[in-house]
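A closer look at the structure
Chain by chain, the residues run as shown.
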Amino acid sequence: MCIAWFWTVALVAADPRRFSQVLVESPTIPKCFLLALFDGTVPLVSVVIPARGQAALLRRTLATVQAQTFQNLEVIVIDDGSMPPLAQDLADLVPSMNIRYHHQPAAGPGMARNRGVEMAEGEFVAFLDSDDLWAPDKLQLQVDTMRRDLGADLCVTQETLVDGDDRPFKRNARRVQAGVPGVKAFRHVMIHPSALMMRRRLFDDPAHRFWDQPRYCEDWNLWMKLAFTVKIAVVPDCLTFIRKVSAGRATNNGQKLYEDGKFAVDDALAFLARTGISPRTIRRCRRAAERVLTYHYFSFLMARRDYPSAMKMYRYLAGCPWSAEFAKASAKLLLYPTGLRTPVPR
């Protein structure tokens, strides 16, 4: 018994990222003993921030990290091809915030997050986009939740949308539920990376990485791959603030988002098929994801007033008349009568 205790403590001391694994797999050792012994060093949170330009917004983002009540953390900034690099803009913050900075050629946010995870030394990894913000107790509440629920692999918070002046204007309801998401992960992009905290050991499997394609939907691709294997814990408070300054990429690049989304779904389903998920479940997931993509592309086409193409998408949704996407699309059409030529004046 003493030998087992000794080797367990030595294992955690050598690699703090194994702390939660030891808590789960070593029932002979009282959890309160390990928590008390390593409370000053674990759980260490690695905050990974992919960034490209926009130094002023990045500094505002880093200010919310610096204001966290939980301070046992490191900050990893992955400069994804900024020209000029952001190193000079962050020089005064590096010593005080324990920032580790890495510059790489532009490869997209997925590859930037993967590189940050490779550099991470913490037991937990929290992602934060370079223009988003956190409430001061965001990390503390997520760490407490993950400590209570040792079987949870991910922890997410609720989100609020803010404008360019950091003023909240809308709660972003993603309907994330605790537990294993399953098919629900294909019905909408259920997690924003800035609201997420994950156990570092999840990334030990090379398949559990963000999509390395220079495409949209790199985060959704990962959530779909993890849909049947991870357990999600939820903090019900709005602790993450997502900046929405313009209409967003879905409006500006709707066709590419639609095409990349289909590619992301195909890639995720191929992965799940290799892991033994049944063909019937694969078909359910595909239909759910296709309805979501079709509805968003329909909304894009309506905003562009490309009504003939929008009606093609609507006819596809009509093939599943009980779906939420068909109901929302039908409600949109009510605002565009007279053969879809002119919107109803408000």
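A short tour of the structure in this document, coming up.

Calculation notes
- One numbering rule holds for all chains: residues counted from 1, following each sequence as written.
- Per-residue local features are limited, in this predicted model, to residues with pLDDT of at least 70; the limit for side-chain atom pairs, both in listing and counting, is 80 or more; totals at the level of whole chains, interfaces and linings are taken over all residues.
- Note that the side-chain values use all heavy atoms of the structure and ignore hydrogens as well as water.
- Whenever a helix is involved, its axis is fitted only over the stretch in contact; in every case the axis is a line through C-alpha atoms, and angles between N-to-C directions fall within 0 to 180 degrees.
- A helix here means a DSSP run of H or I that spans at least four residues, while a strand means a run of E at least two residues long, and both kinds are numbered starting from the N terminus.
- Here is the rule for angles: anything less than 35 degrees is roughly parallel, anything more than 145 is roughly antiparallel, 65 through 115 is roughly perpendicular, and the remaining ranges are oblique.
- We call two residues in contact whenever any of their non-hydrogen atoms come within 4.5 Å of each other.
- Exposure classes here rest on a 1.4 Å probe applied to the protein chains alone. A residue is buried below 20% of its type maximum, exposed above 50%, and partly exposed in between.
- What we call a nonpolar core is a set of buried Ala, Val, Leu, Ile, Met, Phe, Trp, Tyr and Cys residues that are connected through their side-chain atoms within 4.5 Å.

1. Some points on the packing of helix 11 (residues 254-274) against helix 12 (residues 279-303)
- As a packed pair, helix 11 and helix 12 sit with axes 10 Å apart at the nearest point and diverge in direction by 170 degrees. Relative to helix 12, the element helix 11 lies roughly antiparallel. Contacts between helix 11 and helix 12 involve Gly 254, Gln 255, Leu 257, Tyr 258, Gly 261, Lys 262, Val 265, Asp 266, Leu 269, Leu 272 and Ala 273 on the former and, on the latter, Ile 282, Cys 285, Arg 286, Ala 289, Leu 293, Thr 294, Tyr 297 and Phe 300.

2. Concerning unusual backbone geometry
- For the bond running from Met 83 to Pro 84, omega is -5 degrees, close enough to zero to count as cis.
- Residue placement: Pro 84 occurs in the loop between strand 2 (73-80) and helix 5 (87-90).
- Its identity is not glycine, yet Cys 217 carries a phi of approximately 70 degrees, on the positive side.
- For Cys 217, the position within the fold is in the loop between strand 8 (196-199) and helix 9 (218-225).
- On the basis of relative accessibility, which here comes to 6%, the residue Cys 217 falls in the buried class.
- We note that Arg 305 has phi near 65 degrees; this positive angle belongs to a residue other than glycine.
- Within the secondary structure, Arg 305 sits in the loop between helix 12 and helix 13 (307-318).

3. Things to note about the nonpolar core
- Within the largest apolar cluster, 60 residues are counted, with the highest numbers of intra-cluster contacts made by Phe 127, Leu 154, Phe 186, Met 198, Trp 223 and Phe 298.
- Of all the elements, helix 12 adds the most residues to this core, at 11 residues.
- Val 45, Val 65, Val 77 and Met 197 belong to the second-largest nonpolar core, a separate cluster that totals 34 residues.

Structural measurements only, silent on function.
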